Amino acid sequence: MSEEMYAKLTQAVIEGEPEDAELLAKQALEQGLDPLTCVNEGLTKGIQKVGELFASGEYFLPELIIGAEAMKKALAVLEPAMVGDQSREVVGKVVIGTVEGDMHEIGKTLVGTMLIANGFQVYDIGVDKSAAEFVAAVNENDADIVGASALLTTTMLQQKKLIEALEEANLRGKVKVMVGGAPVTNSFATEVGADGYAEDAISAVDLAFRLIDAPA
Ligand code: B1M
């Protein structure tokens, strides 16, 4: 039953059907399925396939856009269920965003949601944010961690720019830097001087706890 639902979610994203994806997400919750598993086993598999079809020339930009739309519609249903009760104490403050020149928001938002679900206060500054905008948000919110997402090989170097901007603003000793996104690797993170790299939303939560030295 659950496998069937995950497959349907995958298919709704591949076929670019936002209404179906939204409806299926509601049905999945009604059936008592775990929302994060629906994301990982259903939606993410779908958007990865969309990415493959785009790379191989079978899909074009409109299919990429509508596939992302379908994923976002379903996520809007699933994410509140992932966040749950927020009455407990805040474990740390995180500013998160996607770097300048990069419009990819789904992974960054998912990481933010999982951090909220685990007790972090998250300030999501959105996509296409310059190093200066990240720095301003860190100052404004007195953040413990700043998280930068990059999905393009052409924008990943913005993560280095952010670290340099934090150094210039004398914030590097105060705030930990976490980086992620499909083209980013552990060695790239080390090379640019980040404090940590996470490959997905679950490991981003583990990393955030480690960075602020708090028990998970
Ligand atoms: Co774009 N795109 N896209 N795209 N897109 C990719 C990234 C691409 C790999 C597709 C492909 O060719 N196979 C390719 C990049 C190639 C490269 O750089 N080498 C690509 C391209 C080329 C482009 C355009 C240039 C296309 C064009 O216009 N010709 C253009 C660029 C626009 C821009 O940003 N300036 C573009 C546009 C778009 C859309 C806007 C249509 C849409 C995004 C819609 C949106 O976000 N609202 C889109 C999409 C959907 C994708 C793919 C298919 C899916 C991305 C996604 O949402 N994945 C993507 C292919 C792929 O990644 N396989 C692709 C699901 C999400 C849950 O995963 O974002 O990886 P992900 O996040 C994960 C982890 O990476 C990690 O945790 C998340 C959860 O597990 N993570 C972090 C992410 N951020 C983190 C931060 C952390 C820690 C972990 O700490 C802070």
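## A few points about the overall build of the protein chain
1) Next: On a plain count of helices and strands, the protein chain comes out with nine helices and five strands.
2) Next: Taking 17 Å as the expected radius of gyration for a compact globule of 216 residues, we find that the protein chain reaches 17 Å, a close match to that expectation.
3) Next: Seen along its three principal axes, the alpha-carbon backbone of the protein chain occupies a region of about 50 × 45 × 25 Å.
4) Next: Considering the protein chain as a whole, with its 216 residues, one finds that 47% of them fall into the buried category.
5) Next: For the protein chain, long-range pairs separated by at least 24 residues make up 74% of all intrachain contacts whose partners lie at least 6 apart in sequence.
6) Next: Accessible surface computed for the protein chain: about 10600 Å², of which carbon and sulfur atoms make up 51%.
7) Next: The positive charge centre, built from 16 side chains, and the negative charge centre, built from 35, are 4 Å apart in the protein chain.

## Looking at the layout of surface pockets
1) Next: For the largest pocket, the calculated volume is near 1400 Å³.
2) Next: What lines the largest pocket is a set of 41 residues, and nearest its centre among them are Ile47, Ile106, Gly107, Leu151 and Ala182.
3) Next: Of all the elements in the fold, those that place two or more residues in the lining of the largest pocket are α3 (35-55), α4 (61-83), α5 (106-117), β3 (145-149), β4 (176-180) and α9 (201-211).
4) Next: Tallied by class, the residues present in the lining of the largest pocket amount to 25 nonpolar, 10 polar and six charged.
5) Next: No fewer than three residues from each of domain 1 (2-86) and domain 2 (92-211) sit in the lining of the largest pocket.

## Here we look at the domain arrangement of the protein chain
1) Next: Domains assigned within the protein chain are domain 1 (2-86) and domain 2 (92-211).
2) Next: The centre of domain 1, based on its C-alpha atoms, is set 24 Å off from the matching centre of domain 2.
3) Next: With 10 residues of domain 1 at the interface, the matching set in domain 2 holds nine residues.
4) Next: Taking both partners together, domain 1 and domain 2 bury about 880 Å²; carbon and sulfur atoms supply 75% of that area.

## Some remarks on a nonpolar patch on the surface
1) Next: On the surface, Phe54, Leu61 and Ile65 cluster together to form a nonpolar patch covering roughly 280 Å² of accessible area.
2) Next: Position of Phe54 relative to the elements: it lies in helix α3.
3) Next: Phe54 gets classed as partly exposed once you look at its relative accessible area, which sits at 35%.

## Concerning the site of the ligand
1) Next: Residues in contact with the ligand amount to 33 residues; listed here are only the nearest, Met103, His104, Glu105, Ser149 and Thr153.
2) Next: For the ligand, a nitrogen atom lies 3.0 Å from a polar atom in the backbone of Gly51.
3) Next: Between the ligand and Ala182, the relevant distance is 3.4 Å, taken from an oxygen atom to a main-chain nitrogen or oxygen of the residue.
4) Next: Assessed atom by atom at 2 Å from the grid points, the ligand resides in the largest pocket.

## Considering the sheet that holds strand β5 (residues 196-197)
Strand-to-strand pairing in sheets goes through backbone hydrogen bonds, with the strands running parallel or antiparallel.
1) Next: If you trace the five strands from one edge of the open sheet to the other, you get β2-β1-β3-β4-β5, paired in parallel fashion. Taken across any chain shown, the strands that pair with only one partner, and hence form the sheet edges, are β2 (120-129) and β5.
2) Next: In terms of strand pairing, β4 meets β5 through two bridges, oriented parallel. Following the sheet pairing, Met178 is matched in β5 by Gly196.

## Quick word on the coordination of the cobalt atom of the ligand
1) Next: On the protein, His104 (NE2) is the one donor atom to the cobalt atom of the ligand, at 2.2 Å.
2) Next: When you line up the elements, His104 lands in the loop between β1 (92-99) and α5.

Conventions used here
- Residues numbered from 1 in each chain as written.
- Predicted model: local features only at pLDDT ≥ 70, side-chain atom pairs only at ≥ 80, totals over all residues.
- Heavy atoms only, no water.
- Helix = DSSP H or I, 4+ residues; strand = E, 2+ residues; numbered from the N terminus.
- Rg over C-alpha atoms; globule rule 2.2 N^0.38 Å.
- Buried < 20%, exposed > 50% of the residue type's maximum accessible area, 1.4 Å probe, protein only.
- Contact = heavy atoms within 4.5 Å.
- Areas by Shrake-Rupley, 256 points an atom, 1.4 Å probe, with all protein chains shown as cover.
- Lys, Arg positive; Asp, Glu negative; His and termini not counted.
- Charge placed at Lys NZ, Arg CZ, Asp CG, Glu CD.
- 1 Å grid on protein atoms, 1.4 Å probe; cavity = no way out; pocket = protein on both sides within 12 Å on 5 of 7 lines; lining within 4 Å.
- Points joined across faces, edges and corners; volume = space filled by probe spheres on them.
- Nonpolar A, V, L, I, M, F, W, Y, C, P; charged D, E, K, R; others polar.
- Domains from an automatic or database assignment.
- Buried area = accessible area lost by both parts, 1.4 Å probe.
- Patch = residues over 30% accessible without salt bridge, like charges linked within 9 Å, V, L, I, M, F, W, Y side chains within 5 Å.
- Salt bridge = Lys/Arg side-chain N within 4 Å of Asp/Glu carboxyl O.
- Near = heavy atom within 4 Å.
- Polar contact = N/O pair within 3.5 Å; in protein donor to acceptor, adjacent residues only side chain to side chain.
- Sits in = over half its atoms within 2 Å of the grid points.
- Pairing = 2+ DSSP bridges.
- Donors = N, O, S within 2.8 Å, 3.2 Å for Na, K, Ca; no water.

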